[in-house]
Each structure stands twice: as C-alpha cells, then as structure tokens.
Amino acid sequence: MPSATPTRPEPAPPLTRRQRRNRFRGDIEGMRAIAVLLVVAFHAGVKAVSGGFVGVDVFFVLSGFLITGLLVDEIARTGTILLADFYARRVRRLLPLSTLVLAATAVASFLLVPPIDRKGIAADLAGAALWGANWRFAAESTQYMADTDKSPVLHYWSLSVEEQFYVVWPLLLLLLVGSSGLALRAWDVAFRRMALALAVLVVGSLVVSWQLTASGSPFAYFGLHTRAWELGIGAALALARPALGRMTRRAAHAAALTGLAMVVGSALLMDESTPFPGTAALLPVLGAAFLVGAGTRAPDEGVSRALGHPVLRYIGRVSYAWYLWHWPVLVLANTRFGQVPAGSDTGEATAAHASWPVVLAAVALSFALAVASHYVVEQPLRHAGFLKSGRGRSLRLGGALIGVSLVSSCALMVGGSSSAEQDAVSAPQAAGAPAAPPAPAPSPAAGEEPGEEPGEEPGEAPAERKPAGPVTPAEARDDRPRDGSDCYVSYDSTSVPPADQCRFGRAKGAKRTIALVGDSHAMQWRPALERAAKERGWTIYLFAKSSCTVSDAPVWLKQNKAPYDTCGQWRDKVLDRVAGIKGLDAVVIGRWMDYRTLALQADGSQSTPENIGPLWTEASKRSFAKMAKATKRIVVMKDVPRPAADVPSCLSQHPDDVDRCGFDRDQGTGLDAALVKAEKAAAPKAVCFVDVTDVMCPAKRCQVVTAQGQIMFRDTHHLTAGYSESLWKVVSDRIDKAIRS
C-alpha cells in the first residue's frame, strides 16, 4: 500500500502533444509487450512458459497504474472527475477494436464451428459485448487453464473485469474527494481518504481471492471481487508516484531486476496446477509493481531502458489488438485443423490440437490482423477530432458499437439454428457399424423367461425397427442418464444416502443383486442395468460420484487444481454402505481410463500410463478387500472406446457423412489396459472384466452411429443413455456370466 507523503501533484493545464511525448514511458510499452508475449505463448502451447497466463496480471497492474494516474491528476487539477469525459475516452480506446473482433469472430464461427456449438458462442459474444463475459464464464464453470477448445471470446473475461472496475473506481473516488472540492482545499485529507479506501479494497479483495481459490470456485479466476486487488496495486503505485520519484537509483535498479525475475519466474515455474489467482498471484503482481515503480524513478536506465527497446515498444503498442485477435484465431484454427490424438493422455476436456505449423501460422496471422487493425481502426478512431470534440458523440458511438456486437451475436444465434443439429443423422455407409439392439418392448408375460428372444443375438435388431435412443446431435448432447436422487453426486458432495434410497428393481426376491459403483462411467451404465432389472428381475444399487475412483488412490481434480479430497471421503462411506448390503452377488465398477494420469503418486506427482501399475494395484487391493466383506465377485466394466472428437459436434458438421466421425479401433480402444492389468493383479480370483468393445466396434474402424442411425456418444467419452439402454441384454448377459464364472 502507498506509504507516500501526501504531496499534491502540481496543478497544470492539459499537456500538449509534445509534452505528452516527452513524458511518455517506453518501459511501460515494453512491459505490455512482455505481458502479451507471455499470454500468446501460453495459449499457443509453448511448454516453456507454462505460467504465461500471468501476463494478464501484469496488464491489470499497468492498467490500474495508468488509469488511476489520470484520474488522480484530474482530481488534483480540477478538484473533480468528469465522468462523461472519462467514459468517452474509454469508448474511443476500447470499443472500436473490440467490436471489430467480436463481429469477425461471429462470422468466422458461422463458417468454421459445428452448428451445435454456435448458440453457445453466440451467448458468449453477447456477454463480451456487454462487458459481462467474466460472470458468464464463471457461471458456466469454465476452466481457463483448459486447452484452447473453449469459447473464441473467452479472453474477454479480463476486459470485462477491467471495465467493471472502472465503473466502480471513478465513482468511489468522486464520492470520497471529488464531489465537494476537498482535493483543492485540503489535498492531504483527500490523499488519506483515497489511500485508506484503496487499502481496504486491496486487502479485502486479496482475502476473498485467497479463500475462493482455495475452494476451487470458478469465480476465483474470473471474478471482479477476486481480481480488483491487482488493479488496486497499480492504483497504489499511481498514488505513490511522488515517493517513487525520490528512490535512489540503486534501489530502482534492484527493484527492476527483482520485478523482472518475479514476472519471468512466474511464467516459467507456474502451470495449470498452480492454485490461481489467490496468494500465488502476488508473485507476478508484485513483480510488475516493482518494474513500474523502478521505471518511475529511472525510466531510461537498466532494465527499464531494456524494456524501452524499439521492438518491445512496437509490440507493446499493438498489444491490445494482438490480445484481442490471438485467441479467436487460435481457437478457430484448432477447430478447423485440429485433431485429438486417439489414446492421448488428455483429461476430461479433450481438445483438438492443430499441428505446430498451423499454430505458428495462426499466431502470425493474429499479429498481422493486430497491426492492420491498430492502424486502420484503433488509432484513427481513438484520436478522431470529430469524436474528441464532443463527448456525446463518443458515447453515442459506444452505444452503436455495442449494438453491432449484439446484432452479430443474434445473427450467429439465428444462423446457428441449423437443421444439422435437429435432423436425424444418416446411417454409416462404411462396413462394420454396430447394429442397434431392439427398441424397448413390454415386459414378458407371466411364465415367460425375460430377455430370451429366440434367434436374436445381443446387439442385433430387425432393420425395420427404429432405434430408441438419440438420432440427432442435439438429442445426443442432452441424452444423459436420469437421476433425481443423491445417489450420483458432483465434485463437492460427500453424501451417501441409505442403500434402499439408491435401489432400483425388485426390493425382494431378486434373481441377481448388484451394486453399481464408480464415477460417471459407472453412471453411464445405469440405463442398461435399469432395463435389465426390469426385464430380468434384478436388484441394482447405484452409488456414483463425478471423476471419483473406487480404487483407494488419491487423484488430481483438474477443475479445482488440487487433490480431490472429497473423493476419498465419499469412497470410504460408499464402501461401508456396500459392505452392509445383504445377498450381494457382485459389485460392478465403472471407471474411466484417465485415472492413469490423474492418480497421484506418493510424492504428489501425477501418474503416467507407464508408472501407474504399482500404485493402482495397491489402491485396488485396499478397496477390493473392503468389498470382499459383502461379495466374492467384483466385476470391472472396461472403459468404452474413445472417439477422436466430440461426437455431437462432429455429427452436426457431417450429418450425411457420419463415417468421418469414426475412429481407428487400434487407436481408440483398450486405453485402460494399464488399469486392467493392475486391477487383475490386485485380486486375481475375485475380479472379472466385462468388455463390450466387440459390440461397439466390430470392425477395424469404429463408428459413432449404429446401422439404424442411433448415436452412441454424447461427448468424447460418455455413452448416450439411449444407446446404453439398448445394450442391456449383452451387458447383463456378460455380468451374469462373470458372476457364475
């Protein structure tokens, strides 16, 4: 916080153009260049700068310093703040280029993005146009650290934070010192008020950021309340300018070197696993503050002089434009040219990645667009005399530009309502598509053996019978297992209801009693087993939790960037609950293959497919030993084949050529082999495996739509509920065989 003597800046008339040029600080443009280079490199996937996202924090500090400096100077000169003039300047500075990028992104998204995804982007565009993108992305639980397969306007969150801050901050200054002429009468009193308000803002926001970051809330990353302290640090520097100017040169040089090391070190040492912002953001924020403070005293010496190099100054000059252009160009390049490597160790958010030549071309294109738009749009409108001569014109221009952005959003929304997401897709033309099992039929009459249709093989159906499951991309996206209970819980919950509340099928006299336990890949088998319970008189107990393994291993939760502690608590409760179920024939485990990279080793590092074996064997032994109290048989559902891309998105792009959405069997199946081997070693006599790969992928190339047009996946790794239900007979047959073996 500023500890400067409350020295009032000398009242002076507005500076001439030459005076402004003489006072210009090239080191600040150089800092902008460093910030934007870090962000672009991070988004382009340069592994050396795994913490390049801290460039945004540098921007926040610079913005707080520059804008607060202008506001404080205006208060010192006039005793107040002319809000209309302030916002008119903000409009001319930001909105023309922002609107151009939003409109261009809307057009490019219409041309390149799958129809099913355009409506979501249209809503994002509207949020960005209204400077509320940060709240929208937080509400959607967007993970900024995830791969660049997200919204092409995700980066507008930081612009939204800044503009929200500059709605509140000038009003607060005006209320404190600018509405009564206090600054002209008693500058020391006005200074203390501003410093005190700033201290409360910075400390309060930092505490909130620390608390929310620790909780894993997405609002921690995107919220104004968790980021205001970073802008406040810059504002504190603006208040402290008189004191900073009295630093010794030696102190300024030391501060500059320290600050540069802190910023660069943050970019090199931090990564997506760093809980951020919270207290971790102190490193780049204070580093930027040291650089700004040092440059105030010695702008043409040492590090500050190096930052003022012409190349860095030029990049810094176009940094706003480059920041706006680089993200949509990268995201849309990945959409158009990216491929998901089958069998890659991606997490839940499987991303399409373009090749390095494409990425480099996208970065170069975004810089070219930045330079062109800087000279053609940004600078001419920012300094246009007809706009500067009347603030009303600038404000009306701002309203018109927001309207243009909203129209672009609406146009994409309307244009995105393509029949490609609403119409049924065609059946695969290539050989080897799985046949859709029969649509649900009435339960058999008394005396008939359910599920035994003579002459019918599992997974086959008469050609004339329509599939029961989803047949359009839009239906597939939303086709999840139905569950209104607490038997399937999300990340934060550890609750486990009594077993009878998580039971479906017969309460008594069941032919088979099974406990289905695991994560969402266990939950995806609920439709199949629920149908089996109805048709075959089984009793099923369901206990599932998002991304939580039954094997007693600590795992990393990417959403929270922290160990998944609630998983272990939930698992202990579930195993105790399962141990209390009487007459249990088997525990059926569903789990996805990604635990091979999410399980944590003893030193806290994430596992790899090469070293997961011993850890997973021991973890499974502990859990299987507890299950042995209730049953002698443990059945593990091998993970389903993994498509190469999001299936509904791909099908909405190619509804009449669904073969393009298929994938090679060798690359997309058997990806959980390391887990299977470890589980078998944990309990060789008790564990059996059920694999439906032969049903889902009977040929060398796997299809994502059955021969009857039923869509099999709702994303990259979950079955649609309809397709799961259609597999009830083959799944229940194989589970029954495993129990009897």
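Residues numbered from 1 in each chain as written. Predicted model: local features only at pLDDT ≥ 70, side-chain atom pairs only at ≥ 80, totals over all residues. Heavy atoms only, no water.

What to know about the overall build of the chain
Assigned secondary structure in the chain consists of 33 helices and 11 strands. In the chain, which comprises 741 residues, the share counted as buried stands at 55%. A separation of at least 24 residues holds for 82% of the contacts in the chain among residues at least 6 apart in sequence. Carbon together with sulfur atoms contributes 58% to the accessible area of the chain, which is approximately 30,200 Å² in total. (Helix = DSSP H or I, 4+ residues; strand = E, 2+ residues; numbered from the N terminus. Buried < 20%, exposed > 50% of the residue type's maximum accessible area, 1.4 Å probe, protein only. Contact = heavy atoms within 4.5 Å. Areas by Shrake-Rupley, 256 points an atom, 1.4 Å probe, with all protein chains shown as cover.)

Some points on the nonpolar core
Ile75, Tyr156, Trp157, Trp187, Met194 and Phe276 are the most contacted members of the largest nonpolar core, which totals 121 residues. In terms of nonpolar packing, the next biggest core, distinct from the first, is built from 49 residues, Ala533, Ala544, Val692 and Ile739 among them. (Core = buried A, V, L, I, M, F, W, Y, C linked by side-chain atoms within 4.5 Å.)

Regarding the side chain of Thr720
By secondary structure assignment, the location of Thr720 is in the loop between β11 (701-702) and α32 (721-726). In this structure the side chain of Thr720 is engaged in a polar contact, spanning 2.9 Å, whose partner is the backbone oxygen of Ile711. Among all residues touching Thr720, those that are not within four sequence positions of it are Pro470, Ala476, Asp479, Ile711, Met712, Phe713 and Arg714. (Polar contact = N/O pair within 3.5 Å; in protein donor to acceptor, adjacent residues only side chain to side chain.)

Overview of the state of the cysteines
Taken as a whole and assessed by the stated rule, the structure comprises four disulfides. The side chain of Cys548 participates in a disulfide bridge whose partner is Cys567; the two sulfur atoms lie 2.0 Å from each other. Since a negative S-S torsion denotes a left-handed disulfide, the Cys548-Cys567 link at about 85° is right-handed. In this pair, Cys548 sits in the loop between β4 (539-545) and β5 (556-557) while Cys567 sits in helix α25 (residues 565-579), placing the two residues 19 residues apart along the sequence. The burial state of Cys548 is the same as that of Cys567; both residues are buried. A disulfide bridge connects Cys697 with Cys702, and the sulfur atoms are separated by 1.8 Å. In this structure, the disulfide formed by Cys697 and Cys702 twists by about -80° around the S-S bond and is classed as left-handed. Should the bonded cysteines of the chain be numbered as they appear in the sequence, the pairing reads 1-2, 3-4, 5-6, 7-8. (Disulfide = S-S within 2.5 Å.)

Structural notes on the packing of aromatic side chains
With the rule as written, the count across this model stands at 18 aromatic pairs. Here Trp157 and Tyr221 contribute two aromatic rings whose centre-to-centre distance is 5.2 Å and whose plane-to-plane angle is 55°, an arrangement assigned as tilted. In this pair, Trp157 sits in helix α7 (residues 156-178) while Tyr221 sits in helix α10 (residues 218-222), placing the two residues 64 residues apart along the sequence. Residue Trp157 is classed as buried on the basis of its relative accessible area, which comes to 0%. Among the residues examined, Tyr221 registers a relative accessible area of 6% and is labelled buried. One aromatic cluster in this structure is built from Phe42, Phe53, Phe60, Phe137, Trp157, Tyr221, Phe222 and Phe276. (Phe/Tyr/Trp six-rings, centres within 6.5 Å; stacked < 30°, edge-to-face > 60°.)

So, empty space enclosed by the protein
As enumerated under the stated definition, the model contains six cavities of 30 Å³ or more in all. Met31, Ile34, Ala35, Val58, Leu260, Val263, Leu291 and Leu307 are the residues that line the second largest cavity. Counting only elements with at least two residues in the lining of the second largest cavity, the list comes to α2 (26-44) and α13 (249-269). Per-element accounting of the lining of the second largest cavity gives the leading share, three residues, to α2. Taken together, the residues of the lining of the second largest cavity sort by class into eight nonpolar, no polar and no charged. (1 Å grid on protein atoms, 1.4 Å probe; cavity = no way out; pocket = protein on both sides within 12 Å on 5 of 7 lines; lining within 4 Å. Points joined across faces, edges and corners; volume = space filled by probe spheres on them. Nonpolar A, V, L, I, M, F, W, Y, C, P; charged D, E, K, R; others polar.)

What to know about helix α30 (residues 673-682)
Within α30, burial applies to Leu675, Val676, Ala678, Glu679 and Ala682. For α30, the angular spread of buried residues about the axis comes to 165°, placing them on one side. The inward-facing, buried residues of α30 contact α26 (595-598), α27 (612-627), β8 (634-637) and β10 (687-690). (Arc of directions from axis to C-beta.)

Let's talk about unusual backbone geometry
Of the consecutive residues Phe276 and Pro277, the connecting peptide bond is found in the cis state with omega at 10°. Inspection of the secondary structure assignment puts Pro277 in the loop between α13 and α14 (282-297). Even without glycine at this site, Trp131 takes up a positive phi of about 60°. Backbone geometry at Ser547 places phi at a positive 60°, although glycine is not the residue there. Within the element layout of this structure, Ser547 appears in the loop between β4 and β5.

Quick notes on the environment of Arg227
Its place among the elements puts Arg227 in helix α11 (residues 224-239). For Arg227, the residues in contact, after removing those within four places along its chain, are Asp57, Phe60, Trp157, Val161, Ser205, Ala220, Tyr221, Phe276 and Pro277. Side-chain polar atoms of Arg227 contact the backbone oxygen of Tyr221, separated by 3.0 Å.

What about the pairing of β8?
The alternating pattern of β8 places Ile634 and Val636 on one face and Val635 and Met637 on the opposite face, and all of these are buried. Strand direction decides the pairing type here: strand β7 (residues 586-590) and β8, joined by four bridges, are parallel. Along β8, the bridge assignment pairs Val587 with Ile634. One ladder, built from four bridges, connects β8 with β10; its direction is parallel. The partner of Val635 across the bridge, within β10, is Cys688. (Pairing = 2+ DSSP bridges.)

Description of the pattern of salt bridges
What the rule picks out here adds up to 34 salt bridges. Between Arg192 and Asp188 there is a salt bridge whose closest N-O contact spans 3.9 Å. Here the residue Arg192 and the residue Asp188 both occupy positions in helix α9 (residues 187-215), the gap between them amounting to four residues, near one helical turn. Classification of Asp188 by relative accessible area gives partly exposed; the value is 33%. If you follow the salt bridges from partner to partner, you end up with Arg512, Asp585, Asp736 and Arg740 in one network. (Salt bridge = Lys/Arg side-chain N within 4 Å of Asp/Glu carboxyl O.)

Here's the deal with the packing of α7 against helix α17 (residues 319-337)
One can describe the packing of α7 onto α17 by two numbers: an axis separation of 10 Å at closest approach and a directional angle of 130°. Relative to α17, α7 is oriented oblique. Packed against α7, whose contacting residues are Tyr156, Trp157, Ser158 and Leu159, the element α17 presents Tyr320, Tyr323 and Leu324 at the interface. Of the residues in the contact of α7 with α17, the class split is six nonpolar, one polar and no charged. (Axes fitted to C-alpha atoms, helices over the stretch in contact; angles between N-to-C directions. Parallel < 35°, antiparallel > 145°, perpendicular 65-115°, else oblique.)

Overview of the confidence of the model for the chain
Mean pLDDT over the chain: 88, with 87% of residues reaching 70 or higher. Note on residues 341-350: pLDDT under 50 across the span, and 27 contacts to partners over four residues away in sequence or across chains. Within the model, the stretch residues 438-465 combines pLDDT values under 50 with 39 contacts to residues more than four positions away or in other chains. (pLDDT = per-residue confidence, 0-100.)

Let's talk about the packing of helix α3 (residues 55-78) against α14
Close contact between α3 and α14 brings their axes to 8 Å; oriented N to C, the two are set at 40°. If you check the angle between α3 and α14, you find them oblique. In this structure, the crossing between α3 and α14 has a hand that is right-handed. Residues Asp57, Val58, Val61, Leu62 and Phe65 of α3 form the contact with α14, whose participating residues are Val285, Ala288, Ala289, Val292 and Thr296. Of the residues contributing to the contact of α3 with α14, the split by class is eight nonpolar, one polar and one charged. (Left-handed = near helix turned anticlockwise from the far one by under 90°.)

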